[in-house]
Amino acid sequence: MNKLEKKGKDNLTFKFLKLLTSIAIHKPKFIFLGDKIKEASLILTNHVGSRAPLTIELYADFPTRLLGTYEMNGSLKEVYRYLSTTYYHQKKKWNKYAAKMFSVIACPFVYGYYRGLKLISVYKDLRFVNTIKESFTCLKDFKESIVIFPEDSSNGYFETLTHFYKGFLLIADYAYKKGLDLDIFVAYLNPKTKTYVFDKPIKYSSLLTSNLTQEEIAKSFLDRCNDLGKLEFNENN
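Structure report, in brief. (Residues numbered from 1 in each chain as written. Predicted model: local features only at pLDDT ≥ 70, side-chain atom pairs only at ≥ 80, totals over all residues. Heavy atoms only, no water.)

1. Notes on the overall build of the chain
Argument step 1. Of regular secondary structure, the chain possesses 8 helices and 8 strands.
Argument step 2. Radius of gyration (C-alpha) of the chain: 17 Å, near the 18 Å computed for a compact globule of 237 residues.
Argument step 3. In terms of principal-axis extent, the alpha carbons of the chain reach across some 50 × 45 × 35 Å.
Argument step 4. Counting every position in the chain, which comprises 237 residues, the buried fraction comes to 46%.
Argument step 5. Contacts in the chain between residues at least 24 apart in sequence constitute 76% of all its contacts with a sequence separation of at least 6.
Argument step 6. By element, 55% of the accessible surface of the chain is carried by carbon and sulfur atoms, the whole surface being about 13000 Å².
Argument step 7. In the chain, the 36 positive side-chain charges and the 25 negative ones have mean positions that sit 6 Å from each other. (Helix = DSSP H or I, 4+ residues; strand = E, 2+ residues; numbered from the N terminus. Rg over C-alpha atoms; globule rule 2.2 N^0.38 Å. Buried < 20%, exposed > 50% of the residue type's maximum accessible area, 1.4 Å probe, protein only. Contact = heavy atoms within 4.5 Å. Areas by Shrake-Rupley, 256 points an atom, 1.4 Å probe, with all protein chains shown as cover. Lys, Arg positive; Asp, Glu negative; His and termini not counted. Charge placed at Lys NZ, Arg CZ, Asp CG, Glu CD.)

2. Here's the deal with the nonpolar core
Argument step 1. In this structure, Ile43, Leu83, Tyr114 and Phe198 are the most contacted members of the largest nonpolar core, which totals 36 residues.
Argument step 2. Only helix 1 (12-24), helix 2 (51-59), helix 3 (76-91), helix 4 (96-117), strand 6 (183-190) and strand 7 (195-198) provide two or more residues apiece to this core.
Argument step 3. With 7 residues, helix 4 is the single largest residue contributor to this core.
Argument step 4. Apart from residues lying up to four places away in sequence, Ile43 is in contact with Ile37, Phe62, Ser145, Ile146, Val147, Ile148, Phe185, Ala187 and Phe198.
Argument step 5. With 33 residues, the next largest nonpolar core counts Leu44, Leu67, Cys138 and Phe164 among its residues. (Core = buried A, V, L, I, M, F, W, Y, C linked by side-chain atoms within 4.5 Å.)

Right, dumping it as structure tokens:
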């Protein structure tokens, strides 16, 4: 994405891609344990491969903007490399041949989908400053909630998450210093129960008085996310 802009209405191509995706990704039951998302917030959620990002994009009834690794916003060749080497081989544990062959077929579709998502690129170097600033623009000016997948997925996607990176706190802190005290929602998509559970929001300002380090705060959100995944709901919930 060369120029940050409000997502607005989807173009016809992206609408068609989303229609195709909705055939495979069905809408789960959205459950809010507290207030629903009414204003721009931070949403921390598990990844479940591509399922959580696609579910948010297809079915969330509030404006969102997803963060994704910078390779997703690259050229067709870069997207292919990401899919074949990182996503399908390293994370999904496919063998190299299958990953490369499938990526040839999937790459044009995925490339078009990434363009439609208008992702904010995430970097692991000093360029993360751009991630922070673009996130703030979406939150403050576009009134879009920022969806972050902070889990460590370098070794794959797990039902019980093992680690949360703390970068989301840098975004929240930047916004706070700019006068925006964000609500932070933790969420867990459970494909088995077909539920997407959103916890009660926590104000960033309340974390500043907790006397916890950033690592401890990230760990507390990780634990809560895993707890949400263990909740059971009946038909009346």
